Amino acid sequence: MGRCAIQLVTGPAGSGKSTYCHVIQEHCLSLGPRHRRRIHVVNLDPAAEHFRYDVAFDIRDLISVDDVMDELQLGPNGSLVYCMEYLLENMDWLQELLDNYDDDEYLVIDCPGQIELYTHIPVMNKIIDQLRTWGYEQSMVSVFVVDATFITDVSKFISGSLLALSAMISMQLPHVNVLSKCDLVEEAAMDRILEMESALQLWDVLGDSSSARRSSSSSLLIPRVGNNPPDNSNGNNNINSDRRWSRLTESICSLLDDYSMVGFIPLNINDEDSISHVLATV
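Below, the structure is looked at part by part. The model shown is predicted, which means the values in this text are computed figures rather than measured ones.

What counts, and where the lines are drawn
- Residues numbered from 1 in each chain as written.
- Predicted model: local features only at pLDDT ≥ 70, side-chain atom pairs only at ≥ 80, totals over all residues.
- Heavy atoms only, no water.
- Helix = DSSP H or I, 4+ residues; strand = E, 2+ residues; numbered from the N terminus.
- Buried < 20%, exposed > 50% of the residue type's maximum accessible area, 1.4 Å probe, protein only.
- Contact = heavy atoms within 4.5 Å.
- Pairing = 2+ DSSP bridges.
- Phe/Tyr/Trp six-rings, centres within 6.5 Å; stacked < 30°, edge-to-face > 60°.
- Patch = residues over 30% accessible without salt bridge, like charges linked within 9 Å, V, L, I, M, F, W, Y side chains within 5 Å.
- Areas by Shrake-Rupley, 256 points an atom, 1.4 Å probe, with all protein chains shown as cover.
- Salt bridge = Lys/Arg side-chain N within 4 Å of Asp/Glu carboxyl O.
- Axes fitted to C-alpha atoms, helices over the stretch in contact; angles between N-to-C directions.
- Parallel < 35°, antiparallel > 145°, perpendicular 65-115°, else oblique.
- Left-handed = near helix turned anticlockwise from the far one by under 90°.
- Disulfide = S-S within 2.5 Å.
- Core = buried A, V, L, I, M, F, W, Y, C linked by side-chain atoms within 4.5 Å.

1. Details of the overall build of the protein
Tallying secondary structure elements over the protein gives 11 helices and seven strands in all. Burial status across the protein gives 41% buried among its 282 residues. In the protein, the proportion of contacts linking residues at least 24 apart, taken out of those at least 6 apart, comes to 74%.

Here's what the structure looks like:
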């Protein structure tokens, strides 16, 4: 039996990973017989509660966050890490299930949303390494999902780009970044950002408004003594701080531009052409 294709769906909690999996599954099922793919969705999030897709197999049949919290009295994050480390110790469970799928089948794996699992805790890296040893190296791809409602704020968009870059470097897989929830964002605002040629250009054009909001927020922290007006003696310090913050942001933008490794594909779940484009790219 050959090795099935595997799509690892990652991204921050609440970014729309489970919705993405559901939409891809429904889209593939709706295709005609000649183009229909044998697609299966797997839940690898031991903290998952509700999802709309038909699940092929579920890590909660092995271990769940709720069970760990009850038995070991750990918090949610500690329980999640424990569950994923438990999976690492019982990878034969995963291997046995994966062996049921042939090379003409496609697995979409809905992964946990705690971003530390992809950045500074090597749990997901070890799982991916094990998949490589089983022969899946040439058939795996990582899909990193980012909430598109953040992109109208330039600072958040740049932060999301850094997060995507960090996950891509950590996982060392072919990587596609998808902007989810595009149906909730004004198309003109999204196009304006995505059409920018570079992150530095994006910051130069749209960063001033973000900086202004930050300066306005900082001014609210200036203390008031009695009925006297706020003491603005620290105003110059705030200005200098804003300048340093802007220079730091420009340096980060230059880093993103120098390597040209981060790009995003918008996904509108109400647009079949958009779904087809994402699937074709992945």
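2. Structural notes on unusual backbone geometry
Excluding glycine, a negative phi dihedral is what most residues carry, and trans is how most peptide bonds are arranged. Phi is positive for Gln 172, close to 55 degrees, though the residue is something other than glycine. By the element assignment, Gln 172 lies in the loop between helix H7 (154-171) and strand E6 (175-180). Residue Lys 181 is not a glycine yet carries a positive backbone phi of 60 degrees. Among the secondary structure elements, Lys 181 is positioned in the loop between E6 and helix H8 (187-194). On the basis of relative accessibility, which here comes to 26%, the residue Lys 181 falls in the partly exposed class.

3. Describing the environment of Trp 203
Structurally, the position occupied by Trp 203 is in helix H9 (residues 199-219). You can call Trp 203 buried: its relative accessible area is 4%. Residues Trp 203 and Ser 246 lie 43 residues apart in sequence; the distance between their C-alpha atoms is 9.1 Å.

4. Observations concerning the sheet that holds strand E5 (residues 140-147)
Strands sit in the order E3-E2-E4-E1-E5-E6-E7 across an open sheet of seven strands; the sheet is parallel. Each edge of the sheet is formed by a strand with only one pairing partner; in this case those strands are strand E3 (55-58) and strand E7 (265-266).

5. Some words on the packing of aromatic side chains
Per the counting criterion, the structure on display carries four aromatic pairs. On the numbers, 4.5 Å between centres and 5 degrees between planes, the contact of Phe 51 with Tyr 53 is stacked. The partly exposed category is assigned to Phe 51, whose relative accessible area is 22%. Taking the relative accessible area as the measure of exposure, Tyr 53 reaches 4% and is therefore buried. Relative to Tyr 101, the ring of Phe 57 lies with its centre 6.4 Å away and its plane at 35 degrees, an arrangement referred to as tilted.

6. Some words on a nonpolar patch on the surface
A cluster of nonpolar residues, Leu 72, Leu 74 and Tyr 82, forms a patch on the protein surface that exposes about 240 Å² of accessible area. With respect to the helices and strands, Leu 74 occurs in the loop between helix H2 (65-72) and helix H3 (76-89).

7. A short note on the packing of helix H4 (residues 91-98) against helix H6 (residues 123-136)
It is at 12 Å that the axes of H4 and H6 come closest, and there the two elements cross at 40 degrees. Regarding the angle of H4 to H6, the classification is oblique. Crossing geometry of H4 relative to H6 is assigned as right-handed. Residues Met 91, Leu 94, Gln 95 and Leu 98 of H4 form the contact with H6, whose own contacting residues are Ile 127, Gln 130, Leu 131, Trp 134 and Tyr 136.

8. Things to note about the state of the cysteines
Evaluation of the coordinates by the stated rule reveals zero disulfides. Cys 21 supplies the cysteine sulfur nearest to Cys 111, a cysteine that is in no disulfide, at a spacing of 8.2 Å. Cys 111 sits in the buried class, given a relative accessible area of 1%.

9. Section: the pattern of salt bridges
Enumeration over the complete set of coordinates arrives at six salt bridges. When the shortest N-O distance is used, the salt bridge between Glu 105 and Arg 38 registers 3.2 Å. Of this pair, Glu 105 sits in strand E4 (residues 105-110) while Arg 38 sits in strand E2 (residues 38-43); the two residues are 67 residues apart in sequence, bridging distant segments of the chain. Residue Glu 105 is classed as buried on the basis of its relative accessible area of 7%. With relative accessibility at 44%, the residue Arg 38 sits in the partly exposed group. For Arg 60, the salt bridge identified is with Asp 58, shortest N-O distance 2.7 Å. Relative accessible area serves as the criterion here: at 28%, Arg 60 is assigned to the partly exposed category. In this structure Asp 58 comes out as buried when scored by relative accessible area, which is 7%. Through salt bridges that share partners, Arg 38, Asp 104 and Glu 105 make up one connected network.

10. Quick notes on the nonpolar core
A general tendency of soluble globular proteins is for nonpolar side chains to be buried together. With 59 residues, the main nonpolar core has Ile 6, Leu 8, Met 84 and Leu 98 as its most contacted residues. Sorting elements by how many residues they give to this core places H7 first, with eight residues. Sequence-distant contacts of Leu 8, that is, excluding residues within four places in its chain, are made with Ile 109, Cys 111, Ile 128, Met 140, Val 141, Ser 142, Val 143, Met 171 and Leu 173.

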